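Given next are the chains, with one letter for each unit.
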Amino acid sequence: MTTRIQFTEELTRLNRDVLTMGARVEEDLRKALQALRAGDLALAKEVKADDELVNALQLKIEDQAAVLIATQAPVARDLRELVTVFKVTDNLERAGDYAVHLAKAVIKLAGEPPFRQIGHLEKMAEIGSQMIHGAIEAYLNHDVEAARRVAALDDGIDHEHKALIGEILTLMKERPEQADRASKLLRTSGYLERLGDHMTNVCEAVVFMEEGRHVELNE
Amino acid sequence: MDGVCPKIDVRNLDLWYGETQALKKVNISVEPNTITALIGPSGCGKSTFLRVLDRMNDLIAGVRTEGKVLYDGKDIFTDIDVIELRKKVGMVFQKPNPFPMSIYDNIAYGPRVHGIKERKVLDEIVEKSLADAALLDEVKDRLGKPALGLSGGQQQRLCIARVLAVEPDVLLMDEPTSALDPISTAKIESLLDELKRRYTIVIVTHNMQQAGRVSDTTGFFLQGELVEYAPTKEIFFKPRDVRTENYISGRFG
């Protein structure tokens, strides 16, 4: 006789919501990236509106997880998985915010000739999307090796971020009248760099869930 | 703790009921002033193991043991008188079992058997034992009344007081709260936390949450084998054996 059927079903439902939240954040980042490439203001505004749904989903998932802890008294791996849910949704919510920042950059930088350095932002957002997808997959599949591979992608984001900083600083020296616009680009790059860090946090949480220890990936 | 002699040291303990082996090569070291919880499914050997520690299994025909059980470094089968052992290693059972006597006489019974007759001394022992069992305030005005008139939770604390009256060193408890309501259970769990400052406690429990709440160390028994024995926070957070994980998570089949 298999036991704890109800608890297993509740966990499955919870993880389905985590998947939905991850998919939504990934889509928002891709939309923001698309908006950036095409200068599509309407698409950028959609991303802003979507963020409300992401935030609501986070709260719903956290409440469900708290109820499960209170009513099912999980221990060991079950407990670590529920603790990890809080870490995953928290980091996903921040990633969603950064997608919004990217969308806002589209709006703020619209109407004038684009910087060629936007190419770095595009690459960062592309890698960021892959990280969101991979991190959530690693969490749902309890796959520590996959989590490590996803975390390693953050190096690509950091590389683009450093390159963009170097180029923008040079630009600001050569064309100080562009400094205000250029600084918006710098700020947006910073947000995407942090998105990579947050997805690395999700990967570290997967290791914690499976192995019960805290690790720093990408040291 | 480094350099501290274990209060109880069990080495390669085997036990048979006739031809049936009930305990298999059990090794446990219980540190002083700790609470050790023994968990496992029904019939796994945890209560049998508990009864080894005060040699209650001697009273069962056909029981045979091999291995060593040391209490304060002395072999309980060869180096200690069994009456003295049972004074020092007291037992509290699942179902409260007050004697059909007054509250006072329940507590005074053990000291009287051990030769204490002076009323003043017995009064002090009774008062202290009831206080240590967190029962004195509730019964101090009716010590002469029948113990059977107490509630279930009070009766169980009376049984704890009765054990404390003969100044034990170790308390063995076999599912001490399984017959009690949640409030009585909570009172006894608080009491255990205080008692461990002066005693070493080994408790058998079917209640996972209780084991998690009260104990420092947990031992998981399965079919006579001690599968895992570790600090409670490790057992409940990151057990090493998949059998332990499955049992404490309630997963079978």
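This one's a predicted model, so the numbers in the text were calculated from it and none came from an experiment.

Chemist: What is the right way to look at the interface of chain B and chain A in this model?
Modeler: How big an interface is tends to be expressed through the accessible area that disappears when the partners come together. Between chain B and chain A, the contact holds 13 residues from the first and 11 residues from the second. Of all the secondary structure elements, the ones that give two or more residues to the side of chain B that touches chain A are α8 (208-214), α9 (232-237) and α10 (242-248) of chain B. Classifying every residue of the side of chain B that touches chain A by side-chain character gives 6 nonpolar, 4 polar and 3 charged.

Chemist: Looking at this structure, how should I read the pairing of strand β8 (residues 200-204) of chain B?
Modeler: Looking along a regular strand, one sees side chains alternate from face to face of the sheet. Residues and elements named next belong to chain B. Of all 5 residues that make up β8, 5 are buried, and the element is covered over most of its length. Covered by surrounding structure in β8 are Thr200, Val202 and Val204 together with Ile201 and Ile203, the residues of both alternating faces. Two elements, strand β3 (residues 35-39) and β8, share 4 bridges in a ladder whose sense is parallel. The partner of Ala37 across the bridge, within β8, is Ile203. Examined bridge by bridge, strand β7 (residues 170-174) and β8 share 5 bridges and lie parallel to one another. Counted as the bridge partner of Leu172 is Val202 from β8. Between the parallel elements β7 and β8, the chain passes through helix α7 (residues 182-195) in a crossover that is right-handed.

Chemist: What am I meant to see in helix α6 (residues 154-174) of chain A here?
Modeler: The α-helix winds at 3.6 residues per turn, so residues separated by three or four positions along the chain end up facing the same way. Residues and elements named next belong to chain A. Taking 1.5 Å of rise per residue, the 21 residues of α6 would be expected to cover 30 Å, and the 30 Å separating its terminal C-alpha atoms lies within 8% of that figure. Burial in α6 covers these residues: Asp154, Ile157, Glu160, His161, Leu164 and Ile168. One side of α6 carries all its buried residues, which in axial view fall inside an arc of 115 degrees. In this structure, α6 carries Asp155, Gly166, Leu169, Thr170, Lys173 and Glu174 as exposed residues pointing more than 90 degrees from its buried face. Of the surrounding elements, those touching the buried residues of α6 are α4 (118-140), α5 (144-152) and α7 (179-211).

Definitions and limits used
Residues numbered from 1 in each chain as written. Chains lettered and ligands numbered in written order. Predicted model: local features only at pLDDT ≥ 70, side-chain atom pairs only at ≥ 80, totals over all residues. Contact = placed C-beta atoms within 7 Å. Helix = DSSP H or I, 4+ residues; strand = E, 2+ residues; numbered from the N terminus. Nonpolar A, V, L, I, M, F, W, Y, C, P; charged D, E, K, R; others polar. Buried ≥ 20, exposed ≤ 12 C-beta atoms within 10 Å, placed from the backbone. Pairing = 2+ DSSP bridges. Right-handed = clockwise from strand over helix to strand, strands pointing away. Expected span 1.5 Å × (residues − 1). Arc of directions from axis to C-beta.

Geometry only, nothing functional implied.
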